[in-house]
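Coordinates in review
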Amino acid sequence: MNPSVLELCRSGIAAARRFGATDAEVYGISADTTTATIEKHDLLMAKTQRETAFGVRALVGNQVGFASTNDVSDLERACREAALLAKASPGDPSNVLPASGPIVPVDGLYDVDAERYTTDRAVREAIGILEIAEAIDRRILIGDGEFSFRRSERAVANTRGVGTDERTSLFLYSVLATAKDGERVSNMDYQFGATRRVDRIDVEPIVRRACRNALDSLGAEPCGASFRGSVLLSPQAVESLLVGLILFQVNARNAVRRQARWADCLGQRVAAPTLTVVDDGRLPGGVAASAFDREGSPHARLTILEEGKLVSLLHNAYSATALGQQNTGHAAGSAQSVPAIGPTNLTILPGSATKDELVSEIRQGLLVTRFSGNVDPVSGDFSGVAKGAQLISNGRLERAVTGTLIAGNVFECLETLSGVSREQETIVNLTLPYVRVERVSVTAGTAC
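A brief look at the structure comes next. (Residues numbered from 1 in each chain as written. Predicted model: local features only at pLDDT ≥ 70, side-chain atom pairs only at ≥ 80, totals over all residues. Heavy atoms only, no water.)

Thoughts on the packing of helix H1 (residues 5-18) against helix H2 (residues 75-87)
When two helices pack together, their arrangement is given by the angle between the helix axes and by the axis-to-axis distance. Rules: Helix axes are fitted only over the stretch in contact, all axes being lines through C-alpha atoms; the angle between N-to-C directions runs from 0 to 180 degrees. We count a stretch as a helix when DSSP gives it H or I for four or more residues in a row; a strand needs E for two or more, and each element gets its number in order from the N terminus. Angular relationships are summarised with four words: roughly parallel below 35 degrees, roughly antiparallel beyond 145, roughly perpendicular across 65 to 115, and oblique for the angles in between. Crossing handedness is read from the near helix: turned anticlockwise from the far helix by less than a right angle, it gives a left-handed crossing, and turned clockwise, a right-handed one. Here a residue-residue contact requires only that any non-hydrogen atoms of the pair lie within 4.5 Å. Polar here means any residue other than Ala, Val, Leu, Ile, Met, Phe, Trp, Tyr, Cys and Pro, which are nonpolar, and Asp, Glu, Lys and Arg, which are charged; Gly is therefore polar.
In the contact formed by H1 and H2, the axes pass within 8 Å of each other and the chain directions differ by 45°. Classified by the angle their axes make, H1 and H2 are oblique. At the point where H1 passes H2, the crossing takes the right-handed sense. Packed against H1, whose contacting residues are Leu8, Ser11, Gly12, Ala15, Ala16 and Arg18, the element H2 presents Leu75, Glu76, Cys79 and Ala83 at the interface. Across the contact of H1 with H2, the residue classes break down as 6 nonpolar, 2 polar and 2 charged.

Remarks on the environment of Glu51
Note the threshold: Under this definition, polar contacts are N or O atom pairs within 3.5 Å; protein pairs additionally need one hydrogen-donor-capable and one acceptor-capable atom, and for neighbouring residues in sequence, both atoms have to be side-chain atoms.
Within the fold, Glu51 resides in strand S2 (residues 42-60). Sequence spacing of Glu51 and Ser30 is 21 residues, and the spatial spacing of their C-alpha atoms is 5.6 Å. For Glu51, the contacting residues outside a window of four places in its chain are Ile29, Ser30, Ala31 and Arg150. In terms of polar contacts, Glu51 uses its side chain to reach the side chain of Arg150, at 3.2 Å.

A short note on the side chain of Ser319
Put simply, the rule is: For every residue, the accessible area (1.4 Å probe, protein chains only) is compared with the maximum for its type, and the residue is labelled buried under 20%, exposed over 50%, or partly exposed between those bounds.
Here Ser319 is to be found in helix H7 (residues 317-323). Judged by its relative accessible area of 0%, Ser319 falls in the buried class. One polar contact links Ser319 to His315, side chain to side chain, over a distance of 2.8 Å. Ignoring sequence-local partners within four residues, the contact set of Ser319 consists of Ala252, Arg253, Val256, Leu314 and Ile341.

Quick word on the side chain of Asp280
Our working rule: His is not counted here, nor are the chain ends, while Lys and Arg score as positive and Asp and Glu score as negative. Only one rule defines a salt bridge in this text: a Lys or Arg side-chain nitrogen within 4 Å of an Asp or Glu carboxyl oxygen.
For Asp280, the location among the structural elements is in strand S10 (residues 277-280). It turns out Asp280 is buried and unbridged, and the closest side chain with the opposite charge, Arg301, is 4.3 Å from it.

With respect to the packing of aromatic side chains
Using the following cut-off: Only the six-membered ring of Trp is used, alongside the rings of Phe and Tyr, when aromatic pairs are assigned; centres must lie within 6.5 Å, and planes under 30 degrees apart are stacked while those over 60 apart are edge-to-face, with the rest tilted.
Scanning the model with the defined rule gives 7 aromatic pairs in all. Judged by centre distance (6.2 Å) and plane angle (65°), the ring pair of Trp262 and Phe411 falls under edge-to-face. Here Trp262 is found in the loop between helix H6 (252-256) and S10, whereas its partner Phe411 is found in helix H9 (residues 410-416), with 149 residues between them in sequence. Grouping residues by exposure puts Trp262 and Phe411 together as buried. Plain terms: the ring middles of Phe371 and Phe382 are 6.1 Å apart, the flat faces sit at 85° to each other, and that makes the pair edge-to-face.

Here's the deal with the nonpolar core
This is how the line gets drawn: Think of a nonpolar core as a cluster: buried Ala, Val, Leu, Ile, Met, Phe, Trp, Tyr and Cys residues, connected wherever their side-chain atoms sit within 4.5 Å.
One finds Leu233, Trp262, Ile304, Leu310, Leu366, Ile406 and Leu414 to be the most contacted residues of the largest nonpolar core, which totals 54 residues. No other element matches helix H5 (residues 235-250), which puts 9 residues into this core. With near-sequence residues (within four places) excluded, Leu233 lies in contact with Val238, Leu241, Leu242, Val368, Pro433, Tyr434, Val435 and Val437. Counting residues in hydrophobic clusters, the runner-up holds 29 residues, among them Ile38, Ala114, Tyr117 and Val198.

This is how it looks when you write it as structure tokens:
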């Protein structure tokens, strides 16, 4: 019988100790992924690939070295290389490995029916995406789409008592839709879906949503006038415009480097009281749900912002040691690099108003379905094109507009945030509502 991923990780830390490491960690993953791809409204290909990878972090005192391999037979060499690199590296007192903590398995991460799922079934689901779109409207083009399923086993072990593993199954599907009617072409709309269970695969809702949004933007015209006012961001626009900056600011590694404005703001208000953000590595059905992080620390639900106040940063073992704060179990990354910091299942909690109610309160504004532009996570300045936008006038969606630019500062948007919708959408590992922000510069332009 072949050794498990966890057994291989444990053999790796023993090898690293033999090569002179005072502490060591080995993270391993073995996964099979099958993907059926759509391009230009046609099934392009279906392929299956197997991934096996191990990342070795060796410490000699507080000096650290790292090496990785995708060949099990090469694991011992990677352990030797990591130990040698550690001996040649500068020391840092924050270079530590986490101690073991109670790991409680997360229910529903693995569906045994996934073991019998075939490439043919994945292809049929991809073809189904095209058939659904064609039935909705012949003007729809699925420019890109994908259906994939993944079965994986991952494990991590270290010399401080960590030793844990888990199996997961995951089905992912996405579409990028455009509508074309003669010379008129809509904005593109991207939608995503996921589940861990075979019997809960349902591609139809995301296809219908993408097609509806694309059709709604067909025939859009220039805005007509520039103004400074309210902007209602769709969940996708919230991801593009707000989430990246929030995650940069709460990443404790950026606080260690003094790059984050919120580094010293724990307990202080950094956003409007209507904004509460949580991250839950154990979220039932969450794409990023798991029992433990990249370093083997247990996952738990964490409140990041509560009614506009900064409650916690995201930490791994390094940043928690450097800042003298609690490790929140947010070590992230693959076996190809040392652990970074990242979210699991991030959620902006819903508000009490519906999307339509948020629209009804806007005298002059813009609904932005997608944002394409630049956001500086340090200064907060942003500018770009409002895609799939609709002009709002006197509390009503008036018409689709194109060639419209929006600009402002995300920190100011968070402070002037005036509404969060009851409705939410899930985008990969993010669950987001519609968010209304104020005093955004809206510049009318020509069609783009």
